[in-house]
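The residues making up each chain are set out below.
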Amino acid sequence: QLGKSGEAEELLAGTPEDQPEVRLLRGKLLLATGDPRGALAMLQPLAAQHPLEMESDLYRMLADAYLATGDSAAAIALSGAIARAYGRMLVAAGRHADAVALLERATALLPADTQSWQSYGQALTGAGRREEAQQAFTRFTELAAKAQEAATAAAKVPNLPETPELRQAMKLMELGHYEKALEITMQEAARAPGDLWPRVLTIR
(Lines give C-alpha, C1' and ligand atoms only; values in the text may rest on other atoms or scores of the structure.)
Protein backbone atom coordinates (compact mmCIF):
# COMPACT_ATOMS: atom_id res chain seq x y z
CA GLN A 1 0.00 0.00 0.00
CA LEU A 2 2.98 2.31 0.49
CA GLY A 3 4.17 1.58 -3.04
CA LYS A 4 7.28 -0.27 -1.88
CA SER A 5 6.86 -3.24 -4.21
CA GLY A 6 10.47 -4.40 -3.86
CA GLU A 7 10.21 -4.74 -0.11
CA ALA A 8 6.81 -6.40 -0.43
CA GLU A 9 8.29 -8.94 -2.84
CA GLU A 10 11.06 -9.73 -0.34
CA LEU A 11 8.51 -10.30 2.42
CA LEU A 12 6.48 -12.63 0.20
CA ALA A 13 9.53 -14.63 -0.92
CA GLY A 14 9.20 -18.23 0.20
CA THR A 15 5.61 -17.94 1.37
CA PRO A 16 3.35 -20.88 0.36
CA GLU A 17 1.23 -20.03 -2.68
CA ASP A 18 -1.43 -22.56 -1.73
CA GLN A 19 -2.66 -20.16 0.96
CA PRO A 20 -5.45 -17.88 -0.36
CA GLU A 21 -4.13 -14.86 1.54
CA VAL A 22 -0.69 -15.27 -0.04
CA ARG A 23 -2.13 -15.61 -3.56
CA LEU A 24 -4.21 -12.49 -3.00
CA LEU A 25 -1.15 -10.48 -1.94
CA ARG A 26 0.93 -11.84 -4.81
CA GLY A 27 -1.84 -10.91 -7.25
CA LYS A 28 -1.97 -7.41 -5.80
CA LEU A 29 1.80 -7.11 -6.13
CA LEU A 30 1.68 -8.24 -9.77
CA LEU A 31 -0.98 -5.64 -10.50
CA ALA A 32 1.06 -2.94 -8.79
CA THR A 33 4.14 -3.84 -10.82
CA GLY A 34 2.30 -3.73 -14.16
CA ASP A 35 1.71 -7.43 -14.81
CA PRO A 36 -2.09 -7.85 -15.05
CA ARG A 37 -1.87 -11.16 -16.92
CA GLY A 38 0.34 -12.58 -14.18
CA ALA A 39 -2.16 -11.24 -11.65
CA LEU A 40 -5.01 -13.02 -13.44
CA ALA A 41 -3.07 -16.30 -13.43
CA MET A 42 -2.50 -15.88 -9.70
CA LEU A 43 -6.04 -14.74 -8.78
CA GLN A 44 -8.37 -16.70 -11.08
CA PRO A 45 -7.99 -19.99 -9.15
CA LEU A 46 -9.18 -18.10 -6.05
CA ALA A 47 -12.46 -17.18 -7.74
CA ALA A 48 -13.63 -20.78 -7.40
CA GLN A 49 -12.88 -21.08 -3.68
CA HIS A 50 -11.81 -18.41 -1.21
CA PRO A 51 -12.57 -17.15 2.30
CA LEU A 52 -15.62 -14.91 2.35
CA GLU A 53 -13.76 -12.06 4.02
CA MET A 54 -11.48 -11.60 1.02
CA GLU A 55 -14.24 -11.64 -1.60
CA SER A 56 -14.50 -7.87 -2.00
CA ASP A 57 -10.74 -7.37 -2.48
CA LEU A 58 -10.50 -10.39 -4.77
CA TYR A 59 -13.29 -9.28 -7.10
CA ARG A 60 -11.98 -5.73 -7.18
CA MET A 61 -8.48 -6.90 -8.14
CA LEU A 62 -9.83 -9.33 -10.74
CA ALA A 63 -11.91 -6.53 -12.27
CA ASP A 64 -8.83 -4.26 -12.40
CA ALA A 65 -6.78 -7.03 -14.01
CA TYR A 66 -9.45 -7.74 -16.62
CA LEU A 67 -9.65 -4.03 -17.47
CA ALA A 68 -5.88 -3.80 -17.74
CA THR A 69 -5.85 -6.70 -20.22
CA GLY A 70 -8.68 -5.21 -22.27
CA ASP A 71 -11.33 -7.70 -21.12
CA SER A 72 -13.94 -5.11 -20.18
CA ALA A 73 -16.86 -7.55 -20.46
CA ALA A 74 -15.46 -9.77 -17.71
CA ALA A 75 -14.72 -6.73 -15.54
CA ILE A 76 -18.30 -5.48 -15.95
CA ALA A 77 -19.71 -8.91 -15.08
CA LEU A 78 -17.67 -8.96 -11.87
CA SER A 79 -18.74 -5.40 -10.92
CA GLY A 80 -22.39 -6.46 -11.44
CA ALA A 81 -21.91 -9.57 -9.31
CA ILE A 82 -20.42 -7.49 -6.48
CA ALA A 83 -23.27 -4.98 -6.60
CA ARG A 84 -25.84 -7.79 -6.60
CA ALA A 85 -24.22 -9.61 -3.67
CA TYR A 86 -24.03 -6.49 -1.52
CA GLY A 87 -27.53 -5.44 -2.50
CA ARG A 88 -28.96 -8.81 -1.49
CA MET A 89 -27.17 -8.60 1.86
CA LEU A 90 -28.70 -5.17 2.49
CA VAL A 91 -32.18 -6.49 1.60
CA ALA A 92 -31.71 -9.36 4.05
CA ALA A 93 -30.67 -6.84 6.70
CA GLY A 94 -33.81 -4.77 6.07
CA ARG A 95 -31.86 -1.81 4.62
CA HIS A 96 -34.02 -1.59 1.51
CA ALA A 97 -33.37 2.05 0.64
CA ASP A 98 -29.61 1.42 0.66
CA ALA A 99 -30.02 -1.74 -1.40
CA VAL A 100 -31.97 -0.03 -4.20
CA ALA A 101 -28.99 1.87 -5.64
CA LEU A 102 -26.72 -1.18 -5.64
CA LEU A 103 -29.30 -3.47 -7.21
CA GLU A 104 -30.22 -0.85 -9.79
CA ARG A 105 -26.54 -0.89 -10.79
CA ALA A 106 -26.56 -4.70 -10.85
CA THR A 107 -29.53 -4.79 -13.24
CA ALA A 108 -27.82 -2.22 -15.47
CA LEU A 109 -24.58 -4.22 -15.61
CA LEU A 110 -26.29 -7.64 -15.77
CA PRO A 111 -29.58 -6.92 -17.55
CA ALA A 112 -30.33 -10.60 -18.17
CA ASP A 113 -29.67 -11.75 -14.60
CA THR A 114 -32.90 -12.97 -12.98
CA GLN A 115 -31.50 -12.85 -9.45
CA SER A 116 -30.63 -9.16 -9.78
CA TRP A 117 -34.13 -8.25 -10.94
CA GLN A 118 -35.82 -10.30 -8.24
CA SER A 119 -33.71 -8.72 -5.48
CA TYR A 120 -34.22 -5.27 -7.03
CA GLY A 121 -37.99 -5.79 -6.87
CA GLN A 122 -37.73 -6.85 -3.23
CA ALA A 123 -35.64 -3.78 -2.37
CA LEU A 124 -38.08 -1.43 -4.13
CA THR A 125 -41.01 -3.05 -2.34
CA GLY A 126 -39.32 -2.61 1.02
CA ALA A 127 -38.52 1.01 0.15
CA GLY A 128 -42.21 1.68 -0.59
CA ARG A 129 -41.72 2.14 -4.35
CA ARG A 130 -44.37 -0.36 -5.35
CA GLU A 131 -44.97 0.72 -8.96
CA GLU A 132 -41.27 0.40 -9.80
CA ALA A 133 -41.14 -2.86 -7.87
CA GLN A 134 -43.91 -4.28 -10.04
CA GLN A 135 -41.93 -3.38 -13.16
CA ALA A 136 -38.86 -5.12 -11.75
CA PHE A 137 -40.85 -8.24 -10.89
CA THR A 138 -42.36 -8.25 -14.39
CA ARG A 139 -38.88 -8.20 -15.87
CA PHE A 140 -37.85 -10.98 -13.48
CA THR A 141 -40.82 -13.11 -14.62
CA GLU A 142 -39.95 -12.56 -18.30
CA LEU A 143 -36.32 -13.54 -17.76
CA ALA A 144 -37.29 -16.58 -15.69
CA ALA A 145 -39.52 -17.79 -18.54
CA LYS A 146 -36.66 -17.38 -21.02
CA ALA A 147 -34.35 -19.23 -18.65
CA GLN A 148 -36.78 -22.13 -18.51
CA GLU A 149 -36.86 -22.26 -22.31
CA ALA A 150 -33.07 -22.28 -22.42
CA ALA A 151 -32.96 -25.04 -19.80
CA THR A 152 -35.29 -27.15 -21.91
CA ALA A 153 -33.08 -26.57 -24.94
CA ALA A 154 -30.00 -27.41 -22.88
CA ALA A 155 -31.28 -30.92 -22.27
CA LYS A 156 -30.92 -31.52 -26.01
CA VAL A 157 -27.27 -30.40 -26.17
CA PRO A 158 -25.17 -33.61 -26.25
CA ASN A 159 -21.62 -32.25 -25.98
CA LEU A 160 -19.84 -31.27 -22.78
CA PRO A 161 -18.29 -27.81 -22.42
CA GLU A 162 -14.73 -27.69 -23.70
CA THR A 163 -13.18 -24.87 -21.66
CA PRO A 164 -11.40 -25.73 -18.40
CA GLU A 165 -13.28 -22.91 -16.66
CA LEU A 166 -16.67 -24.42 -17.46
CA ARG A 167 -15.49 -27.90 -16.52
CA GLN A 168 -14.37 -26.43 -13.20
CA ALA A 169 -17.81 -24.85 -12.78
CA MET A 170 -19.48 -28.22 -13.38
CA LYS A 171 -17.21 -29.85 -10.79
CA LEU A 172 -18.09 -27.13 -8.27
CA MET A 173 -21.80 -27.73 -8.96
CA GLU A 174 -21.32 -31.43 -8.24
CA LEU A 175 -19.70 -30.52 -4.92
CA GLY A 176 -22.53 -28.14 -4.01
CA HIS A 177 -20.49 -24.91 -4.38
CA TYR A 178 -23.16 -23.20 -6.46
CA GLU A 179 -22.23 -19.56 -5.78
CA LYS A 180 -18.64 -20.13 -6.89
CA ALA A 181 -19.79 -22.06 -9.96
CA LEU A 182 -22.14 -19.20 -10.82
CA GLU A 183 -19.31 -16.66 -10.68
CA ILE A 184 -17.34 -18.67 -13.24
CA THR A 185 -20.25 -19.26 -15.63
CA MET A 186 -21.20 -15.56 -15.55
CA GLN A 187 -17.62 -14.56 -16.36
CA GLU A 188 -17.55 -17.03 -19.25
CA ALA A 189 -20.94 -15.83 -20.51
CA ALA A 190 -19.64 -12.25 -20.55
CA ARG A 191 -16.47 -13.34 -22.36
CA ALA A 192 -18.24 -15.45 -25.00
CA PRO A 193 -21.84 -14.19 -25.43
CA GLY A 194 -22.36 -16.43 -28.46
CA ASP A 195 -21.52 -19.62 -26.59
CA LEU A 196 -24.57 -21.52 -25.31
CA TRP A 197 -22.80 -23.49 -22.57
CA PRO A 198 -22.03 -20.64 -20.12
CA ARG A 199 -25.68 -19.61 -20.25
CA VAL A 200 -26.87 -23.18 -19.82
CA LEU A 201 -24.68 -23.74 -16.77
CA THR A 202 -25.64 -20.38 -15.31
CA ILE A 203 -29.30 -21.39 -15.48
CA ARG A 204 -28.58 -24.79 -13.90
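Quick notes on the rules
Residues numbered from 1 in each chain as written. Predicted model: local features only at pLDDT ≥ 70, side-chain atom pairs only at ≥ 80, totals over all residues. Heavy atoms only, no water. Axes fitted to C-alpha atoms, helices over the stretch in contact; angles between N-to-C directions. Helix = DSSP H or I, 4+ residues; strand = E, 2+ residues; numbered from the N terminus. Parallel < 35°, antiparallel > 145°, perpendicular 65-115°, else oblique. Left-handed = near helix turned anticlockwise from the far one by under 90°. Contact = heavy atoms within 4.5 Å. Nonpolar A, V, L, I, M, F, W, Y, C, P; charged D, E, K, R; others polar. Core = buried A, V, L, I, M, F, W, Y, C linked by side-chain atoms within 4.5 Å. Buried < 20%, exposed > 50% of the residue type's maximum accessible area, 1.4 Å probe, protein only. Salt bridge = Lys/Arg side-chain N within 4 Å of Asp/Glu carboxyl O. pLDDT = per-residue confidence, 0-100. Arc of directions from axis to C-beta.

Draft legend 1. Just the packing of helix H2 (residues 20–32) against helix H4 (residues 55–68), in detail. For the pair H2 and H4, interaxial distance at closest approach is 11 Å and the crossing angle is 30 degrees. Looking at the two axes, H2 sits roughly parallel to H4. Between H2 and H4 lies a crossing whose hand is left-handed. Side by side, H2 and H4 meet where Leu24, Gly27, Lys28 and Leu31 of the first sit next to Asp57, Leu58, Met61, Asp64 and Ala65 of the second. When grouped by side-chain class, the residues that make up the contact of H2 with H4 number five nonpolar, one polar and three charged.

Draft legend 2. Here's a closer look at the nonpolar core. Membership of the largest hydrophobic core comes to 18 residues, with the highest contact counts inside it found for Leu24, Leu43, Leu46, Leu58, Leu62, Tyr66 and Leu78. For this core, the secondary-structure elements that each account for two or more residues are helix H3 (36–48), H4 and helix H5 (72–92). Ranked by the residues each element gives to this core, the list is headed by H4, at seven residues. The contact partners of Leu78, leaving out residues within four places of it in the chain, are Tyr59, Leu62, Ala63, Tyr66 and Gln187. One finds Val91, Val100, Trp117 and Tyr120 within the second-largest nonpolar core, a separate group that totals 12 residues.

Draft legend 3. Representation of the pattern of salt bridges in the model. If you walk through the whole model with that rule in mind, you get eight salt bridges. Between Arg84 and Asp113 there is a salt bridge, with its nearest N and O atoms 3.0 Å apart. Of the two residues, Arg84 sits in helix H5 while Asp113 sits in the loop between helix H6 (96–109) and helix H7 (114–126), which places them 29 residues apart along the sequence. Here Arg84 matches Asp113 in class, with each residue buried.

Draft legend 4. The confidence of the model for the protein, seen in detail. The predicted model of the protein has a mean per-residue pLDDT of 84, with 95% of residues at 70 or higher. By mean pLDDT, H5 is the weakest element of the protein at 81, and H7 is the strongest at 93.

Draft legend 5. Spotlight on helix H9 (residues 164–174). All buried positions along H9 are accounted for by Leu166, Ala169, Leu172 and Met173. Looking straight down H9, one finds its buried side chains confined to an arc of 115 degrees; they lie on one side. Residues of H9 that are exposed and point more than 90 degrees away from the buried face comprise Pro164 and Glu174. Buried residues along H9 sit in contact with H3, helix H10 (178–191) and helix H11 (196–203).

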